[in-house]
Amino acid sequence: MHNYFTEAPENLTHRNAWFILAGGSSMFLWGIILFMSVTVYDFERIPKNIDYIYPVSAATGLLSGNLVFGHISDRIGRRRPFLFSIFLTAAGIMGAVLSSNFVQLTVSIFMANFSLGGDETVLLSYIFEEYTRTKRSRYIIGITNMANAGVFFTAFFLYAIPLSLGSTRIFLLLSSFSIIAIAIVSRLKIAESPGWEASHSLTPSRDMMKRKVREVWGYSGKHFSLVSDFEQITTGTAIVTGFFLINIYLGELYTDQPYLVTLLTTGAGVLSGIILTLLVTRIPHKTIPVISFPAMATLVIIAVVLSFYSMLPFSILLRILVFRSFLSEIGWGSRDLLQSELTLTTERARHISRIRAFSYSVLILLYFIIYQLEPPLLFYLIIISIVEIMGAAGALVWYFRGVESGRKDII
């Protein structure tokens, strides 16, 4: 039997258009739904004292979807949960479009994000196990960058063509169901993950992980799991909170240009993702986080200082956030690479889901704080800077104490 815990054989590579369509459409659809979470505030008005209900519903859906689908896909395979989730997504979107009160809309938002959050975890595991190491990193970066493209597409359309409430509902329905049709057809065409099929009957253990870390990566430290989890939790939380609190919601909360802020920040992310896709095979994976997270934290700290001294006009803030978003996509890519690399196939999806559940829990807490306190921009930026400083710390710790996982695999 081939040793799937040390290397991936070349016959595991299935470079076909169906898989790219299946993964890319999933992430593009996720981007559409993420940005529409801003616009749906106008669908059904909600009482002022619970105006956090829509973003919290979305984040709670993402959190629980990650956990549930992560657990299921490690047990029964990647393909069936990946196929089922798209129908649940369709039901959630249809419910949002047809909702007649804020309760129905809240449930629909939760349902759509629950399934898309599950997609996120299953897809990362799927890509890792579908492609060999020489191709995998480009597919992970390129496919997940479609989430930025989905947000950019939605913001651009609504920015260029202001729509009425009814027209916005129709736009959501037509754009999302066009992608859903592509997703259904392509997911029906792809096969089960060969890596999962080869290894799912094995029982992982902490001792097995320690042994493989020493054998494959030559790690001599005593606390690999602690160091790797710290890196993944801190950098993952910086990505999640930054993406939602800057790209999605900052323009809505602090400017009269919500579409413009999202358009420019996600546009920078799309460009950065394309560049990283082309260069990622040449860059050590432990180096990618230190390229992005310390610089991201520095930029937000600069914004805090300028805001404190009342020297932060909107034009300067926007430039800082766009540059930070360019770096953030590099951080997003490193997060996806390391979360899929630093565990065994038999528990990959569960591992990814637990790390992401922590990040979404922090995001939900911050939503409550922001919507209850309605803080000034300075306090808002301070909150983001604290999270980004932790992300920078995680990146530096991993650079000095971690391993290079991009050269050899633990499958």
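Predicted model only: the values in this text are computed from it and were never measured.

Engineer: Any chance you could break down the overall build of the chain for me, citing the residues and the numbers?
Structural biologist: Tallying secondary structure elements over the chain gives 16 helices and zero strands in all. The C-alpha radius of gyration of the chain comes to 20 Å, within 12% of the 22 Å expected for a compact globule of 411 residues. Along the three orthogonal principal directions, the C-alpha set of the chain runs to about 60 × 50 × 35 Å. Counting the 411 residues in the chain, one finds 60% classified as buried. In the chain, of all internal contacts separated by at least 6 residues, the share reaching a separation of at least 24 is 87%. Total accessible area on the chain is roughly 15,900 Å²; 67% of this is exposed by carbon and sulfur atoms. Measuring between centres, the 32 positive side-chain charges of the chain sit 6 Å from its 26 negative side-chain charges.

Engineer: Give me the lowdown on the pattern of salt bridges, citing residues and values where you can.
Structural biologist: Counted under the stated rule, the structure contains 13 salt bridges. Residues Arg335 and Glu120 are paired through a salt bridge, measuring 3.8 Å at the closest nitrogen-oxygen approach. With a gap of 215 residues between them, Arg335 in helix α14 (residues 314–341) and Glu120 in helix α4 (residues 102–130) connect regions that are remote in the sequence. You'll find Arg335 and Glu120 in the same group, each marked buried. Ionic contacts of the salt-bridge type, sharing partners, join the residues Asp74, Arg78, Glu129, Arg348 and Arg350 into one network.

Engineer: Any details on the side chain of Asp336? Residues and values, ideally.
Structural biologist: Along the polypeptide, Asp336 turns up in helix α14. Side chain to side chain, Asp336 and Arg356 meet in a polar contact 2.6 Å long. Dropping the residues within four chain positions of it, Asp336 is found in contact with Leu124, Ile140, Thr144 and Arg356.

Engineer: Account for a nonpolar patch on the surface, with residues named and values stated.
Structural biologist: A cluster of nonpolar side chains, contributed by Ile301, Val305, Phe308, Tyr309, Met311 and Ile389, occupies part of the molecular surface with about 610 Å² of accessible area. Of the residues forming the nonpolar patch, the biggest block, three residues, is contributed by helix α13 (residues 288–308). Counting through the fold element by element, Val305 comes out in helix α13. Relative accessible area serves as the criterion here: at 42%, Val305 is assigned to the partly exposed category.

Engineer: Go over the nonpolar core, please, and point to the residues and values.
Structural biologist: Ranked by size, the top nonpolar core spans 99 residues in total, and within it Trp30, Phe244 and Tyr367 carry the most contacts. Excluding its chain neighbours within four sequence positions, the residues that come into contact with Phe244 are Leu34, Leu62, Tyr249, Tyr360, Leu363 and Tyr367. One finds Met208, Val216, Tyr219 and Phe224 within the second-largest nonpolar core, a separate group that totals 14 residues.

Engineer: So, the packing of aromatic side chains: which residues are in play, and what are the values?
Structural biologist: Evaluated as defined, the whole model comprises 24 aromatic pairs. Every member of this aromatic cluster is reached through a ring pair, and the members are Phe19, Phe82, Tyr126, Tyr131 and Tyr139. Positioned over the ring face of Phe128 is Arg136, at 3.8 Å from the centre of the ring. Above the face of the Phe82 ring, Arg187 is positioned so that its terminal group lies 3.9 Å from the ring centre.

Reading the values: the criteria
Residues numbered from 1 in each chain as written. Predicted model: local features only at pLDDT ≥ 70, side-chain atom pairs only at ≥ 80, totals over all residues. Heavy atoms only, no water. Helix = DSSP H or I, 4+ residues; strand = E, 2+ residues; numbered from the N terminus. Rg over C-alpha atoms; globule rule 2.2 N^0.38 Å. Buried < 20%, exposed > 50% of the residue type's maximum accessible area, 1.4 Å probe, protein only. Contact = heavy atoms within 4.5 Å. Areas by Shrake-Rupley, 256 points an atom, 1.4 Å probe, with all protein chains shown as cover. Lys, Arg positive; Asp, Glu negative; His and termini not counted. Charge placed at Lys NZ, Arg CZ, Asp CG, Glu CD. Salt bridge = Lys/Arg side-chain N within 4 Å of Asp/Glu carboxyl O. Polar contact = N/O pair within 3.5 Å; in protein donor to acceptor, adjacent residues only side chain to side chain. Patch = residues over 30% accessible without salt bridge, like charges linked within 9 Å, V, L, I, M, F, W, Y side chains within 5 Å. Core = buried A, V, L, I, M, F, W, Y, C linked by side-chain atoms within 4.5 Å. Phe/Tyr/Trp six-rings, centres within 6.5 Å; stacked < 30°, edge-to-face > 60°. Lys NZ or Arg CZ within 6 Å of the ring centre and 35° of its normal.

The quantities given are spatial measurements derived from coordinates; they are silent on function.
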